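The lines below spell out each chain.
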Amino acid sequence: MEDDQILVEPEQNLIPSEQTLAIGQEFPDVDTCRRAIKDMAIALHYELRVVKSDRSRFIAKCSKEGCPWRVHIAKCPGVPTFTVRTLQAEHTCEGVQDLHHQQATVGWVARSVEARLRDNPQIKPKEILQDIREQHGVAVSYMQAWRGKERSMAAVNGTLEDGYRLLPAYCEQIGKTNPGSVATYKGIGPGNAFQRLFVSFRASIYGFLNGCRPLLEIDKADLKGKYLGALLCASAVDADDMMFPLAFGVVDSESDDNWRWFVSELRKTLGVNTDKMPVLTILSERKPQVVKAVEDNFPTAFHGFCLRYVSENFRDEFKNPKLLNLFWSAVYTLTAAEFDAKVNEMMQVQDVMPWLQRFPPNMWAVAFFEGIRYGHFSLGITEILYNLSLECHELPIVQTIEHIRHQLTCWFAERLNLALSYNSVLVPSAEKLISEAIADSRCYQVLRANKVEFEIVSSERTNIVDTQARFCSCRRWQIYGIPCAHAAAALLSCGEDPRFYAHDCFSVTKYRETYSQPIYPIPDRSHWNSSSSGLQGVVNKADVMLSPPSIRRPPGRPKMKILKMESLKRPKRIVQCGRCHLLGHSQKKCSLQN
């Protein structure tokens, strides 16, 4: 029978696949023997009772009174193997008549689910018990499935405690295999309990400093595992608007001290390359501890609000769709006069001044924000962190960083191949914006004042363009880093290609440079030199061994925050016509006659 063969065959293929035992059949050790007998009992739907089980013999009989089935397996003299000595192979009982089976223990569940767990670490206990019922015809409880998964996770990845113990050696391996990377950790207290970890791979550091926009996002995700904690991240944005994680941190709690340490390590990491260190724009939810950490470590950076966070706060405060629409119009206005006009419209609906005092416009409005966001307004790293926290919260800390490293390696390889396939000047997203600007430029009259200054005339207004300073009085060129329609009109009038006047960070050359450095693999831990010291210069490795954090998850099922992915999308820009001043279309598509 095919089903029986599958169920009888143990994981290591150490016994024949027949559904019955035979006298003289051998097992390499007593543990394999026990597992094989248990697997066969479950497969054939009978329960057994263990009479004797030690390091030299295994005796079992059918649990049904009066049934003659019995097996005696003993150790062979002089060798580690065990052999079937006596066997009464016939059953006279009816076997198990329901779905419950006493041999379906937590250990058996763990072995049964191990193969699938390797392929899908996110499998849920409900899925495990459903699979066991379908494949083996056995019902196990939710708690058995949960404990079986926990035990199997420990067998596959090691225990959570092992992860902290191995962390110093793992950090050293990062430094050896990826020279120039940063991997630092810190313990606390007499037991050297884990407190925090910071990791940034050299490939990420190089890619950020040599190819990405000088823009960083900082955010965190809570971990729901046994020892809780938080996953911190600083991420850049590449030329084609994709997230580019620069540094990760794992901390025992989201405290002021831990945030200060993380941002300080980030500054040190970038400070090694001070000749390439740009003036940064940083986006976050501007929590007080993050604001203080950024001010202390990046005093020249422009630190702005994530627009999704600000808009959600505005929506919750006023609960008025008309006000929210006016708010988004105010966000994207390019000049102070236009912003003030939108605020006046909001004031006619409801008093918004107290809210504006709590959320100053220079922290989020395009017209007042002093840094350059390059059209990037909301935190894109939130979704990545949320997914990583779900995927990694049950993994040991070393496996968590390995999972992140694997993800980065895949992204680097995929995006480098994509970059090498481009033969344009700019990446596709920037090429699209330039094409739109060129198309819109055809409706303008260009008056040349001198070699670099131009007057761009339309029926609504006149704009001044300076191609040498890369300036337009509409401010769009300065804010987004890509020539606006006015600049495109000026450049085209003197035979210049607007593509060459976009900021370098949008070029295909920079995109290729971003992903040019590889992230090298970390060898299996069996190859680590156990006598080596940690990165912190401690000679005796035992002195830097970490223990788990003192914070532990409280009893009961942890509450999982369900993040709505549609809320993570960048807010859609509300277009306003420059001719009729209505929302929803541009001047090019306006039906109002000139």
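No experiment lies behind these values; they were computed from the predicted model shown.

**Student:** Kindly report on the side chain of Thr 333, identifying the contributing residues and their values.
**Tutor:** Its location among the elements puts Thr 333 in the loop between helix H11 (321-332) and helix H12 (336-349). Among the residues examined, Thr 333 registers a relative accessible area of 7% and is labelled buried. Excluding its chain neighbours within four sequence positions, the residues that come into contact with Thr 333 are Glu 338, Phe 339, Lys 342, Val 366 and Ala 367.

**Student:** Give a description of the pairing of strand E8 (residues 215-222) that names residues and reports values.
**Tutor:** Among the 8 residues of E8, 7 are classified as buried, and the element is accordingly described as predominantly covered. Pairing between E8 and strand E11 (residues 281-284): 3 bridges, direction parallel. Each bridged residue has a counterpart across the sheet, and for Leu 215 the counterpart in E11 is Thr 281. When E8 meets strand E9 (residues 230-237), the two strands line up antiparallel, connected through 6 bridges. If you follow Ile 218 over to E9, its bridge partner there is Ala 234.

**Student:** I'd love a proper account of the confidence of the model for the protein, names of residues and values included.
**Tutor:** On average, residues of the protein score 83 in pLDDT, and 86% of them are at 70 or above. Within the model, the stretch residues 1-18 combines pLDDT values under 50 with 31 contacts to residues more than four positions away or in other chains. Segment residues 530-543: pLDDT under 50, and 19 contacts once partners within four positions in sequence are set aside and those in other chains are kept.

**Student:** Got a sec to walk through the pattern of salt bridges? Specific residues and values, please.
**Tutor:** Applying the stated rule across the entire model yields 21 salt bridges. Measuring nitrogen to oxygen at the nearest pair gives 3.6 Å for the salt bridge that ties Glu 345 to Lys 342. One end of the pair is Glu 345 and the other is Lys 342, both in helix H12 and 3 residues apart, which spans about a single turn. Glu 345 gets classed as partly exposed once you look at its relative accessible area, which sits at 34%. Given the relative accessible area of 8%, Lys 342 is considered buried. One network of salt bridges, with partners in common, ties together Lys 220, Asp 222, Glu 254 and Lys 287.

**Student:** Report on the sheet that holds strand E16 (residues 471-472), specifying residues and quantitative values.
**Tutor:** Backbone hydrogen bonds are what pair the strands of a sheet, in a parallel or an antiparallel way. Pairing within the open sheet is antiparallel, and its 4 strands lie in the order E13-E14-E15-E16. Either end of the sheet is taken by a strand with one partner, and the two such strands are strand E13 (445-448) and E16. As paired strands, E13 and strand E14 (residues 453-457) are joined by 4 bridges and run antiparallel to one another. For Gln 445, the partnering residue across the bridge sits in E14 and is Val 457. In the packing of helix H18 (residues 485-493) onto the sheet, the strands contacted are E13, E14, strand E15 (462-466) and E16, and the crossing angle to E14 comes to about 120°.

**Student:** Help me get a handle on empty space enclosed by the protein, residues and values and all.
**Tutor:** A water-sized probe rolled over the atoms picks out the places where empty space is left. Taken as a whole, this structure holds 3 cavities of 30 Å³ or more when the rule is applied. Lining of the largest cavity is provided by 19 residues; of these, Tyr 164, Leu 223, Leu 228, His 393 and Leu 395 occupy positions nearest its centre. Of the residues that constitute the lining of the largest cavity, the class distribution is 13 nonpolar, 4 polar and 2 charged.

**Student:** Could you give me a rundown of the side chain of Ser 204, with the residues and numbers involved?
**Tutor:** Locating Ser 204 in the fold gives a position in helix H7 (residues 202-210). Look at Ser 204 and you get buried, because its relative accessible area is 1%. Side-chain polar atoms of Ser 204 contact the backbone oxygen of Pro 245, separated by 3.5 Å. The residues contacting Ser 204, other than those within four sequence positions of it, are Phe 244, Pro 245, Leu 246, Leu 408 and Phe 412.

**Student:** Outline H18, listing residues and values.
**Tutor:** For an α-helix, the turn length of 3.6 residues means that residues three or four places apart are oriented alike. Among the 9 residues in H18, 7 count as buried, and that is most of the element. Where H18 is concerned, the buried positions are Ala 485, His 486, Ala 487, Ala 488, Ala 489, Ala 490 and Leu 491. In this structure, the buried residues of H18 make contact with helix H16 (428-441), E13, E14, E15, E16 and helix H17 (476-480). Looking one or two places after H18, you find Gly 495, whose phi comes out positive at around 80°.

Rules and cut-offs
- Residues numbered from 1 in each chain as written.
- Predicted model: local features only at pLDDT ≥ 70, side-chain atom pairs only at ≥ 80, totals over all residues.
- Heavy atoms only, no water.
- Helix = DSSP H or I, 4+ residues; strand = E, 2+ residues; numbered from the N terminus.
- Buried < 20%, exposed > 50% of the residue type's maximum accessible area, 1.4 Å probe, protein only.
- Contact = heavy atoms within 4.5 Å.
- Pairing = 2+ DSSP bridges.
- pLDDT = per-residue confidence, 0-100.
- Salt bridge = Lys/Arg side-chain N within 4 Å of Asp/Glu carboxyl O.
- Axes fitted to C-alpha atoms, helices over the stretch in contact; angles between N-to-C directions.
- 1 Å grid on protein atoms, 1.4 Å probe; cavity = no way out; pocket = protein on both sides within 12 Å on 5 of 7 lines; lining within 4 Å.
- Points joined across faces, edges and corners; volume = space filled by probe spheres on them.
- Nonpolar A, V, L, I, M, F, W, Y, C, P; charged D, E, K, R; others polar.
- Polar contact = N/O pair within 3.5 Å; in protein donor to acceptor, adjacent residues only side chain to side chain.

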